[in-house]
Amino acid sequence: MSDGSPREWRFYLDDMIDFAGKVQSYTEGFDQIRFQASGITYDATLRNLELIGEAAKHIPAEIRADHADIPWRMIIATRNRLIHGYLGIDNDTLWSIIRDDIPELLPRLLELKRRHYPD
């Protein structure tokens, strides 16, 4: 922000929701082999997974503690592993994140938003 004020955490939550939705959208209809060979889709998905973790770092500690059903530390650690490419990227783990973790994460994030910022 140009005025130097910190960005409200709810905007990071919205980002996480948006990025998770993109991961699901980008990989819809893919199997692991097709995903791994997809080039741009692979890269875009990886980037959005990194961004989920980056946004998670900006959610206040007290909010993360109050919503321990969301694996905050794992989300942030996954971002670090992906962005730094530690020992390469394990495509089996990556596919598990896409197919198992993101579909579980998204409703939890939406519930957190609903509880703190009802429309």
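Procedures and definitions
Numbers given for residues are sequential positions, taken from 1 along each chain in its written order. Under the rules for a predicted model, residues below a pLDDT of 70 receive no local features and side-chain atom pairs below 80 are neither given nor counted, while totals for whole chains, interfaces and linings still include all residues. The side-chain numbers reported here are obtained from all heavy atoms of the structure, hydrogens and water having been left aside. Nonpolar cores are built from buried Ala, Val, Leu, Ile, Met, Phe, Trp, Tyr and Cys residues. Side-chain atoms within 4.5 Å join them into one set. Remark: exposure states derive from per-residue accessible area (1.4 Å probe, protein chains only) relative to the maximum for the residue type, with buried under 20%, exposed over 50%, and partly exposed in between. The secondary structure listing takes helices from DSSP runs of H or I that are at least 4 residues long and strands from runs of E that are at least 2 residues long, numbered from the N terminus. We call two residues in contact whenever any of their non-hydrogen atoms come within 4.5 Å of each other. One fewer than the residue count of a helix, multiplied by 1.5 Å, yields its expected span. Think of the arc as the fan of directions from the helix axis to the C-beta atoms. Aromatic pairing here means that ring centres of Phe, Tyr or Trp (its six-membered ring) are within 6.5 Å. Orientation follows from the plane angle: under 30 degrees is stacked, over 60 is edge-to-face, and everything else is tilted. For a lysine, the NZ atom is tested; for an arginine, the CZ atom; a charge sits over a ring if that atom is within 6 Å of the ring centre and within 35 degrees of the ring normal.

A word on the nonpolar core. If you look at the biggest cluster of nonpolar residues, it comprises 32 residues, and the most contacted ones within it are Met16, Leu49 and Ile52. In terms of residues, this core owes the most to one element, helix 6 (residues 91-116), which gives nine residues. In this view, Met16 contacts Ile52, Ala55, Ala56, Ile59, Trp72, Ile75 and Leu109; residues no more than four positions away in its chain are not counted.

On to helix 1 (residues 9-27), then. Relative to the 27 Å expected for 19 residues at 1.5 Å per residue, helix 1 spans 27 Å between its end C-alpha atoms, a close match to the ideal helical length. Within helix 1 the residues assigned to the buried category are Trp9, Tyr12, Leu13, Met16, Ile17, Phe19, Ala20, Val23 and Thr27. One face of helix 1 carries all of its buried residues, which in axial projection span an arc of 165°. Those residues of helix 1 hidden inside the fold are in contact with helix 2 (32-36), helix 3 (40-56), helix 4 (61-66), helix 5 (72-84) and helix 6. Following helix 1 by one or two positions, Gly29 adopts a phi angle in the positive range, close to 85°.

Applying the stated criterion to the full structure yields three aromatic pairs. Ring geometry for Phe35 versus Trp95: centroids 5.4 Å apart, planes at 40°, classification tilted. Within this pair, whereas Phe35 is found in helix 2, its partner Trp95 is found in helix 6, the two being separated by 60 residues in sequence. Classification of Phe35 as buried rests on a relative accessible area of 2%. Of the residues examined, Trp95 reaches a relative accessible area of 12% and is grouped as buried. Counting every residue linked through ring pairs, the aromatic cluster contains Phe35, Tyr42 and Trp95. The side chain of Arg7 reaches across the aromatic face of Tyr12, ending 4.6 Å from its centre. The ring centre of Phe30 lies 3.9 Å from the NZ or CZ of Arg34, which sits over that ring.

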